[in-house]
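Working through the structure, step by step
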Amino acid sequence: MKNLFLTLIQDSSDTAAELAKQVAQINGDMGMLWMLISGILVFLMQAGFTLVEAGMTRSKNVVNIAMKNALDIAVGSLVFWFVGYSLMYGTDVAGGFFHFGGFMFNQGPADLFFQTVFCATTATIVSGAIAGRTKYSTYIIFSIVLTAIIYPIAGGWEWNGGWLNNTEGIMPAEFIDFAGSSIVHAVGGWAALVAAFLVGPRLGKYTADGKAVSIPGHNKLLATLGVFILWFGWFGFNGGSQLAWGGDDAVGASMVVLVTNLAASAGALGALFISWIKYKKPNLDMTLNGALAGLVSITAGCGNMSEGGAIMAGLIGGIIVVFAMEFVEQKLKIDDAVGAFSVHGVAGAWGTLVIGLWGVNGDTGIGLFNGGGSDQFLAQLIGTLSYAVWAVGMSFIFLLILKKTIGLRVTEKEEIEGLDLSEHGALAYPGKRQREVED
């Protein structure tokens, strides 16, 4: 009887172990599927960026916008596969500042694909800021540099256990950027600001006395559809960054998607009402950028934010972007054609810092305003500044070299004619000769 009892216990134990193994296998497979689906959603964001940039700029440059976005995903995919992924997720070779695992290194096709589409997003941010006056050939080179060097090296600082997570060094706490407010968006935003500064403003953007002149986009419907596609794709951008599915991971990913939507909604309303107060009418461009700013504002903290915290982060992000766009255009005299720096750079910095104000880890507050002390805020501040300095410095060096060698800007004649014809020999709207009045 005793032996029978022991046999039954052993069989039960073996069955439980086998069941646990099968559950783990299913969760692993579901996690891989979730990453693939999320990566496909992020891939779709390229279409959203194309529509936003095209709609918010002149019709004579639409083909050029489309060509740049097609380039970003094509070049980004190949370059990131060849070396970028290795620089981000390879072996630490310099104290958490630099990683390398050899060329064509990867840790699985699902992860490689998911990270690739993130990389392409960073490059696309620059495209809109310098629309309407930049050489396509120059843009190709900088897109390669951004996706092969600037973005991957910086990503490894956080997402590969780099120096920003080393609490035995200068970091008072581990830096948090769950899905890339700084790593993706602020890096792209700062690069966009530098590019817009070095390329210079579009013809007619500023009067002789320095007053900014509005150059409205040609199709607000395209821009609106683009924002909705980006909003939709962002559920994969943030939700997929859970990098797993099943059990607690399924709950976590669902929460990430929820707070992402709440922040976007709050950002849209924040920009809508502030622009209504400032300009006496509700402004569509500002509302759209407010929604995007809300999305960027929650991207770093989507895994460390309550519903209420997400709403406040998005709301403030939407308000900030209105003033940031005005400041860049009127005070800095930098012509950012679609407000890329304000949406991605400024809101990206805000979204990173806000974790240190009212972020949470489970049910525990980690921010200044919810009992977490100052350590997390200091860690977020160090990370935010580090990504800004890296992106500005590296972008300035490479773009200045390009400016002094092959040049950044098309000729005045080519700009007036439109980049569609001068750079690509095609029109976005066949049958209609696009001639826009230069104010």
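Definitions and cut-offs
Residues numbered from 1 in each chain as written. Predicted model: local features only at pLDDT ≥ 70, side-chain atom pairs only at ≥ 80, totals over all residues. Heavy atoms only, no water. Helix = DSSP H or I, 4+ residues; strand = E, 2+ residues; numbered from the N terminus. Contact = heavy atoms within 4.5 Å. pLDDT = per-residue confidence, 0-100. Polar contact = N/O pair within 3.5 Å; in protein donor to acceptor, adjacent residues only side chain to side chain. Buried < 20%, exposed > 50% of the residue type's maximum accessible area, 1.4 Å probe, protein only. Salt bridge = Lys/Arg side-chain N within 4 Å of Asp/Glu carboxyl O. Bend = angle between axes of the 7 residues up to and from the residue.

Side note on the environment of Leu44
If you trace the backbone, Leu44 turns up in helix α1 (residues 2–55). The spacing of Leu44 and Leu203 is 159 residues in sequence and 32 Å in space, taken between C-alpha atoms. Leu44 has contacts with Ile229 and Phe232, leaving out every residue within four places of it along the chain.

Let's talk about the confidence of the model for the protein
Atom-level detail of predicted coordinates should not be read off regions where pLDDT is low. Per-residue confidence for the protein gives a mean pLDDT of 93, with 95% of residues at or over 70. Low pLDDT, under 50, characterises residues 434–439; the stretch is placed with 19 contacts to residues that sit more than four places away or in other chains.

Let's talk about the side chain of Thr224
Its place among the elements puts Thr224 in helix α6 (residues 220–239). A polar side-chain atom of Thr224 sits 2.8 Å from the main-chain carbonyl oxygen of Lys220. Not counting residues within four places of it along the chain, the set of residues in contact with Thr224 comprises Leu284 and Leu288.

A word on unusual backbone geometry
Positioned with a positive phi, Leu243 is a non-glycine residue whose angle comes to about 60 degrees. Note on placement: Leu243 falls in the loop between α6 and α7 (248–279). Owing to a relative accessible area of 42%, Leu243 belongs among the partly exposed residues under this scheme.

Details of the pattern of salt bridges
Per the stated rule, a full pass over the model turns up five salt bridges. Ionic pairing is found between Glu329 and Lys205, a salt bridge with its closest N-O pair at 2.5 Å. Of this pair, Glu329 sits in helix α9 (residues 307–330) while Lys205 sits in the loop between α5 (181–199) and α6, and the two are 124 residues apart along the sequence. Measuring nitrogen to oxygen at the nearest pair gives 3.1 Å for the salt bridge that ties Lys220 to Asp285. In this pair, Lys220 is assigned in helix α6 and Asp285 in helix α8 (residues 284–299), connecting sequence segments 65 residues apart.

Section: helix α2 (residues 62–89)
At Phe80, α2 is deflected by roughly 65 degrees, the largest bend along its length. For α2, a buried count of 20 out of 28 residues is recorded, marking the element as mostly surrounded by other parts of the structure.

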